[in-house]
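Summary of the model geometry
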Amino acid sequence: MAAIEPIDIVELDVDDAPAGLVLSTEAGWNQNEADWRFFLSKGVVFGVRDGARLVASAALLPYSAGNAWISMVLVTADFRRRGIATKLVDACLGAAARRGLTAWLDATPAGATVYGPLGFTPTLQLRRLRLERPQGATTTRPLSTGSLDALATRDSSAMGFDRSTLLSEFSTRPGSRIVSDGRAMTLVRDGRAARQIGPLLADRTDQALALVDAIVDLETGPWLIDAVHSQEAFLHGLVQSSWNLERPFQRMRFGRPTAPPAQLPFAVAGPEFG
């Protein structure tokens, strides 16, 4: 197909979840169809079609306190380098502006070079790590079941705004659970290709690492975790425990950056959810 001029942007609905999953799977992302249905039902998702085929997407997911997350910015391989992603992000920024929302996103290093000129500024460096563990059950140390309210409260303190709707959605899915070990607490959930740990909150590095070790010993992997880069001892501990660094990414905020929270999380919910 010739380059599309102008780009015809449409708003998607929940029936587009399978087509969205094709896009994120092509990119190698860990999102599953339930993630797409959540975005399509709770946020606004823009797309570009080539006939009946969905070839690009971008989503805006509102949170509380005037904040929203731009996610699922995807363009299929044969439609890249046509300015489609920029147009879709512009559509999300327009939707955010109409709703009086401040937009956030997580960008790859290549994406950050695109989003910077649009008005996004860096706020937090993150690192995705992966652990291949064919079988768990090497320890019998039990983990406590954590409270959604407690996790949401600590997450809100670390993020600066409430995300209880997102955490409730994740925690009630089949295969999900909130676990705690003393003062450390996290959410564990299924992705398309790996189990995801995060957000992870703890008072100290040793608490955070002990909780991760217990989880991966008790369950079958593979695993993904999106760690905060400035938590250097935590990152070092993961690498020492055979976690492999997959890629860096950058948290960005539209407009001027804000001061970081007093206590950062050790890991976030994922680059598409914050």
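For the structure itself, consult the block above.
Right, let's walk through the structure included here. Every value quoted in this text rests on a predicted model; they were computed, and no experiment measured them.

Inspection of the entire model under this criterion finds 15 salt bridges. Ionic pairing is found between Arg163 and Asp155, a salt bridge with its closest N-O pair at 2.7 Å. Across this residue pair, the class does not change: Arg163 and Asp155 are buried. In this structure, the salt-bridge partner of Arg173 is Glu169, at a minimum N-O distance of 3.0 Å. Looking at Arg173, the relative accessible area reads 12%, which means it is buried. Classification of Glu169 as partly exposed rests on a relative accessible area of 25%.

Grouped together as the largest cluster of nonpolar side chains are 32 residues, with contacts concentrated most on Trp36, Phe39, Val45, Tyr63, Leu151 and Phe273. Only helix H1 (17–26), helix H2 (33–42), strand S3 (53–62), strand S4 (67–75), helix H5 (148–159), helix H6 (164–171) and strand S9 (184–190) provide two or more residues apiece to this core. Setting aside anything within four residues of it in sequence, one finds Leu151 in contact with Leu167, Ile178, Met185, Thr186, Leu187, Pro199 and Leu201.

On to the packing of aromatic side chains. In this structure the tally under the stated criterion is eight aromatic pairs. With a centroid separation of 5.3 Å and 65° between ring planes, the pair formed by Phe234 and Phe266 is classed as edge-to-face. Of this pair, Phe234 sits in helix H8 (residues 232–240) while Phe266 sits in the loop between strand S12 (244–254) and strand S13 (267–268), and the two are 32 residues apart along the sequence. A network of ring pairs unites the aromatic residues Tyr63, Trp69, Trp104 and Phe161 as a single cluster. The positively charged end of Arg82 is found above the aromatic ring belonging to Phe79, 4.5 Å away from the centroid. Across the ring face of Phe170, the terminal group of Arg189 is positioned such that the distance to the ring centre comes to 4.1 Å.

Quick notes on the rules
Residues numbered from 1 in each chain as written. Predicted model: local features only at pLDDT ≥ 70, side-chain atom pairs only at ≥ 80, totals over all residues. Heavy atoms only, no water. Salt bridge = Lys/Arg side-chain N within 4 Å of Asp/Glu carboxyl O. Buried < 20%, exposed > 50% of the residue type's maximum accessible area, 1.4 Å probe, protein only. Core = buried A, V, L, I, M, F, W, Y, C linked by side-chain atoms within 4.5 Å. Helix = DSSP H or I, 4+ residues; strand = E, 2+ residues; numbered from the N terminus. Contact = heavy atoms within 4.5 Å. Phe/Tyr/Trp six-rings, centres within 6.5 Å; stacked < 30°, edge-to-face > 60°. Lys NZ or Arg CZ within 6 Å of the ring centre and 35° of its normal.

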